[in-house]
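Understanding the architecture of this molecule
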Amino acid sequence: MERYYQPEIECASREQIKAWQDERLVKQVQHVWDNVPYYRKKMEEKGLTPADIKSSDDLYKLPFLTKDDLRQAYPYGLMGKPLKDCVRIQSTSGTTGKRVVAFYTQHDIDLWEDCCARAIMAAGGTDEDVCQVSYGYGLFTGGPGLNGGSHKVGCLTIPTSSGNTERQIMFIQDLSATILCCTPSYAAYIGETMKEMGLTPDQIPLKAGIFGAEAWSEEMRQDIQNTLGIKAYDIYGLTELSGPGVSFECSEQTGMHINEDHFIAEIIDPVTGEVLPEGAKGELVFTSITKEAFPLLRYRTRDICTLSRKPCSCGRTHVRMSKPMGRSDDMLIIRGVNVFPSQIEAVLLNAGYPANYQIIIDRVKSTDTLDVQVEMTPEMFTDNMGEIKKRQSELEAGLRSMLGISARVVLVAPKTITRSEGKAVRVIDKRKI
Ligand code: DLL
């Protein structure tokens, strides 16, 4: 049975959703015009005033915001409310330049937590469940967001945060956790550790997992589902828009429903900025129509995906986004060829390797090199060099046909590659160091 946190919103007619979007967008543009001089200037440069935006059909006229704008406006330049009305900040895990700092009023937090509650109920959660939140708590939005959603659903919430994997497993067992929330790479690590402890899926009380914050493939989903004996649901979001819960998977698992009563989604051509028709692959752009403290209009996420408004048998009517197929800024250019790390992962996982790998790019004598270190599973592990060489060549052939360029594969012993408790670091580009 499909469960909803706010059925009248999640299953509203398309006409109703459009009506909400039209009304809220008009109000939000006025709010931004009145309170965010940085964006008002951008509108003025395009000769726009709020009167030009009469409904969501006019959205395309508005200027984009990019991560560069967020950096330039750091820290207070995009705020829509005075600081005294704000109760929280969260921040991205960004490794380069200034971090993004997002502000929230109590109302913003309330709506964000509603979005997370929708995701938890879509994964089958009720007030009978015990929800272990193993996303990091702190500036990262994963822990606080799912924690708030879990409270709203009425789950008994275990705020373990990430790390201390054996203690995580102890709590799952002793407190009978039924829902696990963490990054997919941490879920895989927890599963691996359980296996090493001799635990089989039927000895683990978990029934569902809500995993996101990083890209993960269908193959990885199958692996996690099998080791933990659960159904694994994807959840998407970004700090700039609130955090987790911008979109989430339902029982159909055919894309993530975007909470369209709060966010209007568009897909654009990342080069020309032109809005693309439904179904086309491009960069995801969001307009937050209910946020007060940090109201971003037409924010370019850099995530590449497609949108679908085909009816979903779960009963939800909100548009679905595909799993992001990598970020436009994730793309590596190696010897002039565009390579997405997700393509490499697909080759490895299809060949039966675990998602424990690292991609190392370097430049030797002005030629780019691509090395992929891949862990063998304990079952594959051997010291027979002939066997290892054969396996390496098979993977190298697979990568060559996927990427169109050659890569060197080095198979390493189980447990060689550092495990992640949050977002996994899969790429080391030494050309930039
Ligand atoms: O990762 C928020 C979040 C926390 C989402 C917990 C889901 C669960 P940021 O640190 O700002 O926020 O990173 C946002 O992470 O633009 C995507 O590139 C990526 N991302 C987030 N969720 C997914 C997902 C959080 N399900 C950036 N699949 C986004 C693929 C994802 N990529």
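All of these numbers come straight from a predicted model, not from anything done at the bench. (Residues numbered from 1 in each chain as written. Predicted model: local features only at pLDDT ≥ 70, side-chain atom pairs only at ≥ 80, totals over all residues. Heavy atoms only, no water.)

Turning next to the overall build of the protein chain. Within the protein chain, the regular secondary structure consists of eleven helices and 20 strands. The globule rule puts the C-alpha radius of gyration for 433 residues at 22 Å, and the 22 Å found for the protein chain is close to it. Along the longest, intermediate and shortest principal axes, the C-alpha atoms of the protein chain span 75 × 55 × 40 Å. Expressed as a percentage of the 433 residues in the protein chain, the buried residues total 55%. Taking contacts inside the protein chain between residues at least 6 apart in sequence as the whole, the part at least 24 apart equals 66%. Accessible surface for the protein chain amounts to roughly 18,500 Å². Of this, 52% is attributable to carbon and sulfur atoms. For the protein chain, the centre of its 51 positive side-chain charges and the centre of its 58 negative side-chain charges are spaced 5 Å apart. (Helix = DSSP H or I, 4+ residues; strand = E, 2+ residues; numbered from the N terminus. Rg over C-alpha atoms; globule rule 2.2 N^0.38 Å. Buried < 20%, exposed > 50% of the residue type's maximum accessible area, 1.4 Å probe, protein only. Contact = heavy atoms within 4.5 Å. Areas by Shrake-Rupley, 256 points an atom, 1.4 Å probe, with all protein chains shown as cover. Lys, Arg positive; Asp, Glu negative; His and termini not counted. Charge placed at Lys NZ, Arg CZ, Asp CG, Glu CD.)

Moving on: the layout of surface pockets. What the second largest pocket holds in volume is close to 530 Å³. As for the second largest pocket, its lining consists of 24 residues, of which Glu 192, Lys 195, Thr 227, Pro 354 and Thr 377 are closest to the centre. Those elements that place two or more of their residues in the lining of the second largest pocket are helix H8 (184–196) and helix H9 (218–228). Broken down by element, the lining of the second largest pocket gets its largest block of residues, six residues, from H8. Tallied by class, residues from the lining of the second largest pocket come to ten nonpolar, six polar and eight charged. (1 Å grid on protein atoms, 1.4 Å probe; cavity = no way out; pocket = protein on both sides within 12 Å on 5 of 7 lines; lining within 4 Å. Points joined across faces, edges and corners; volume = space filled by probe spheres on them. Nonpolar A, V, L, I, M, F, W, Y, C, P; charged D, E, K, R; others polar.)

Glancing now at H8. Compared with an ideal rise of 1.5 Å per residue, which puts 13 residues at 18 Å, H8 spans 18 Å between its outermost C-alpha atoms and is within 8% of the ideal. With ten of 13 residues buried, H8 is to be regarded as a mostly interior element. For H8, the complete set of buried residues consists of Pro 184, Ser 185, Tyr 186, Ala 187, Tyr 189, Ile 190, Gly 191, Glu 192, Thr 193 and Met 194. Gly 198, located one to two residues past H8, shows a positive phi value of around 85 degrees. (Expected span 1.5 Å × (residues − 1).)

To continue, consider the side chain of Glu 214. With respect to the helices and strands, Glu 214 occurs in the loop between strand S6 (208–212) and H9. Side-chain polar atoms of Glu 214 contact the side chain of Ser 185, separated by 2.5 Å. With near-sequence residues (within four places) excluded, Glu 214 lies in contact with Thr 183, Pro 184, Ser 185, Gly 422, Lys 423 and Ala 424. (Polar contact = N/O pair within 3.5 Å; in protein donor to acceptor, adjacent residues only side chain to side chain.)

The environment of the ligand is formed by 22 residues, the closest being Asp 234, Ile 235, Thr 239, Asp 303 and Arg 327. Glu 214 is positioned with one of its backbone polar atoms (N or O) 3.2 Å from a nitrogen atom of the ligand. With respect to the ligand, the side chain of Asp 303 contributes an N or O atom lying 2.6 Å from an oxygen atom. Out of a free accessible area of 610 Å², the ligand has 94% covered by protein chains. Examining the composition of the shell around the ligand, we find that five residues originate from one element, strand S7 (residues 231–238), more than from any other. Each residue belonging to the shell around the ligand can be placed in one class, and the counts come to nine nonpolar, seven polar and six charged. (Near = heavy atom within 4 Å.)

Our next topic: the nonpolar core. Within the largest apolar cluster, 66 residues are counted, with the highest numbers of intra-cluster contacts made by Leu 62, Leu 284 and Phe 286. In terms of residue count, helix H5 (residues 106–122) provides more of this core than any other element does, eight residues in total. What Leu 62 contacts, discounting residues up to four positions off in sequence, is Val 29, Tyr 39, Met 43, Lys 46, Leu 48, Ile 53, Leu 297 and Arg 298. The next biggest cluster of nonpolar side chains, apart from the first, holds 47 residues, and it includes Met 194, Met 220, Leu 349 and Ile 388. (Core = buried A, V, L, I, M, F, W, Y, C linked by side-chain atoms within 4.5 Å.)

One can read the domain layout of the protein chain as domain 1 (1–329) and domain 2 (332–429). The interface is formed by 21 residues belonging to domain 1 together with 15 residues belonging to domain 2. Between domain 1 and domain 2 lies a buried interface of about 1,400 Å² when both sides are counted; carbon and sulfur atoms form 50% of it. When the area that domain 1 buries against domain 2 is broken down by residue, the three leading residues are Tyr 189, Glu 192 and Glu 219, summing to 28%. (Domains from an automatic or database assignment. Buried area = accessible area lost by both parts, 1.4 Å probe.)

This paragraph deals with the pattern of salt bridges. Applying the stated criterion to the full structure yields 33 salt bridges. The salt bridge partner of Glu 10 is Arg 316, with a shortest N-O separation of 3.0 Å. Placement of the pair is Glu 10 in helix H1 (residues 7–10) and Arg 316 in the loop between strand S13 (307–308) and strand S14 (320–321), with a sequence separation of 306 residues. Its relative accessible area of 4% is what places Arg 316 among the buried residues. Here Asp 234 ties to Lys 323 by a salt bridge, and the two come within 2.8 Å at their closest N and O atoms. One end of the pair, Asp 234, is in strand S7; the other, Lys 323, is in the loop between S14 and strand S15 (332–334), with 89 residues separating them in the sequence. What emerges from the salt-bridge pattern is a single network uniting Arg 14, Glu 260, Glu 278 and Arg 309. (Salt bridge = Lys/Arg side-chain N within 4 Å of Asp/Glu carboxyl O.)

Let's shift gears to the environment of Gly 145. By the secondary structure assignment, Gly 145 is in helix H6 (residues 142–153). Since its relative accessible area comes to 0%, Gly 145 is described here as buried. In contact with Gly 145, not counting residues within four places along its chain, are Trp 112, Cys 116 and Pro 244.

This part is about the sheet that holds strand S12 (residues 299–305). Reading across from one edge, S10-S11-S12 is the order of the three strands in this open sheet, with antiparallel pairing throughout. Unpaired on one side and paired on the other, strand S10 (263–268) and S12 mark the two borders of the sheet. Neighbour to neighbour, the strand axes of the sheet diverge by 30 degrees on average, direction disregarded. Note that strand S11 (residues 282–288) and S12 share four bridges and pair antiparallel. (Pairing = 2+ DSSP bridges. Axes fitted to C-alpha atoms, helices over the stretch in contact; angles between N-to-C directions.)

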